[in-house]
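Below are the chains, spelled out letter by letter.
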Amino acid sequence: MNPLLEGIIGYKIVTDSSLPTHTSSGLEYLYAGNGIFARAIRPGIEVLMPICLCYQSIKGLPHLTPYLKVTPLIPKPLLLEMWRLSYQAGNQFHEILFHLHCTDAGWDLQVPEQIQTPTSCQPTHSGSDSSHQKAAVDIHSHSSLPAFFSTTDNADESGFRIYGVLGRINTLKPEIKIRVGLFCHYWDVPARAVFDIDPDFFMVDVSLSSGCKFYSTDVLPINVMEKLWR
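Given the structure is predicted, the values throughout are model-derived calculations rather than measurements.

Draft legend 1. The arrangement of the overall build of the protein in detail. Helix and strand content of the protein: 4 helices and 17 strands. In terms of overall dimensions, the protein is globule-like: its C-alpha atoms have a radius of gyration of 19 Å, near the 17 Å expected for 230 residues. Overall size of the protein, expressed as C-alpha extent along the three principal axes, is 55 × 45 × 40 Å. Taking all contacts inside the protein whose residues are at least 6 apart in sequence as the whole, residues at least 24 apart take part in 54%. Split by element, the accessible area of the protein, about 12,800 Å² in all, is 58% carbon and sulfur. Of the charged side chains in the protein, 17 are positive and 22 negative, and the gap between their average positions amounts to 6 Å.

Next comes the structure, spelled out in structure tokens:
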């Protein structure tokens, strides 16, 4: 292993489906009977993300079930406040960025100092003590555009946190799209897995509308078998 990655990335063959409550690595790859998973833990968030699911079981190894734990769920009033501020920013033809931090008292919403344009929003500070570095959840708006993750978002959102987009803000059917990001591995998850909202919440959750539920942005899609027989 690259010495720079030792202690940061761990690799384990799973022999027991009951995982320990902690991990000594920032990112842990787990090899199980039903595929490969990535696991990470930070205050407020724990995720076991599918990386590559197997159609044929690996004999002798237990199966794992992917999960996302957001503890506690982010209160609905914080989501409504982000929608309200996004609406105001949209009226000025701007996007807006939000950061959420998990504290001992619960979730704290911050609107960092930022540069806003009709198609982008970037924090002005990104040092080790900045809201950008400490955020566990990163949400931005798309004003009147749909909620989706752009190629710019894929390039910027390379850490371990929950990412979200609020779209069509100034319409009768505003949208929300949520994913977990784990160092360029991504997993689309429903908004109710992150926010304490009712099934009939007024935002249209488009998180699972695409056919791609988990994916990576650090490799190009290829057909391995076609390359094998060339």
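Draft legend 2. Highlighting the environment of Pro 20. Along the chain, Pro 20 turns up in the loop between strand E1 (9-13) and strand E2 (27-32). Spatially, the C-alpha atom of Pro 20 lies 12 Å from that of Leu 48, the residues being 28 residues apart in sequence.

Draft legend 3. The arrangement of the packing of aromatic side chains in detail. By the definition in use, this model includes 5 aromatic pairs. A ring pair is formed by Trp 83 and Tyr 87, whose centres lie 6.1 Å apart and whose planes are at 55°; its orientation type is tilted. One end of the pair, Trp 83, and the other, Tyr 87, are both in helix H1 (residues 76-91), 4 residues apart, so they sit about a helical turn from each other. Residue Tyr 87 is classed as partly exposed on the basis of its relative accessible area, which comes to 36%. A ring pair is formed by Tyr 186 and Tyr 215, whose centres lie 5.6 Å apart and whose planes are at 25°; its orientation type is stacked.

Draft legend 4. Expanded view of the side chain of Glu 28. Along the chain, Glu 28 falls in strand E2. Here the side chain of Glu 28 touches Lys 12 through a polar contact of 3.0 Å, side chain to side chain. Not counting residues within four places of it along the chain, the set of residues in contact with Glu 28 comprises Gly 10, Lys 12, Thr 23, Phe 37, Ala 38 and Arg 39.

Draft legend 5. Fine view of the sheet that holds strand E5 (residues 67-70). In space, the 5 strands of this open sheet follow the order E1-E2-E3-E4-E5, with mixed pairing throughout. Edge positions in the sheet fall to E1 and E5, since each has one partner strand and no second. Within the sheet, the average angular offset between the axes of one strand and its neighbour, ignoring direction, is 20°. The sheet contact formed by strand E4 (residues 45-53) and E5 spans 4 bridges and is antiparallel. Bridging across to E5, Ile 45 finds its partner in Val 70.

Draft legend 6. Examining the state of the cysteines more closely. Taken as a whole and judged by the stated rule, the model has 0 disulfides. Left unpaired, Cys 121 is separated from the closest cysteine sulfur, that of Cys 184, by 19 Å. For Cys 121, a relative accessible area of 9% translates into the label buried.

Draft legend 7. Local environment of unusual backbone geometry. With an omega of -10°, the peptide bond between Thr 71 and Pro 72 qualifies as cis. Within the fold, Pro 72 resides in the loop between E5 and strand E6 (74-75). At Phe 93, a residue that is not glycine, the phi angle is positive and equals roughly 60°. Mapped onto the elements, Phe 93 comes out in the loop between H1 and strand E7 (97-103). Relative accessible area serves as the criterion here: at 61%, Phe 93 is assigned to the exposed category.

Draft legend 8. Representation of the environment of Leu 80 within the structure. Among the structural elements, Leu 80 can be located in helix H1. Exposure remark for Leu 80: the relative accessible area of 31% places this residue in the partly exposed category. Sequence-wise, Leu 80 and Cys 102 are 22 residues apart; in three dimensions their C-alpha atoms are separated by 18 Å.

Analysis parameters
- Residues numbered from 1 in each chain as written.
- Predicted model: local features only at pLDDT ≥ 70, side-chain atom pairs only at ≥ 80, totals over all residues.
- Heavy atoms only, no water.
- Helix = DSSP H or I, 4+ residues; strand = E, 2+ residues; numbered from the N terminus.
- Rg over C-alpha atoms; globule rule 2.2 N^0.38 Å.
- Contact = heavy atoms within 4.5 Å.
- Areas by Shrake-Rupley, 256 points an atom, 1.4 Å probe, with all protein chains shown as cover.
- Lys, Arg positive; Asp, Glu negative; His and termini not counted.
- Charge placed at Lys NZ, Arg CZ, Asp CG, Glu CD.
- Phe/Tyr/Trp six-rings, centres within 6.5 Å; stacked < 30°, edge-to-face > 60°.
- Buried < 20%, exposed > 50% of the residue type's maximum accessible area, 1.4 Å probe, protein only.
- Polar contact = N/O pair within 3.5 Å; in protein donor to acceptor, adjacent residues only side chain to side chain.
- Pairing = 2+ DSSP bridges.
- Axes fitted to C-alpha atoms, helices over the stretch in contact; angles between N-to-C directions.
- Disulfide = S-S within 2.5 Å.

Function cannot be inferred from these measures alone, as they are strictly geometric.
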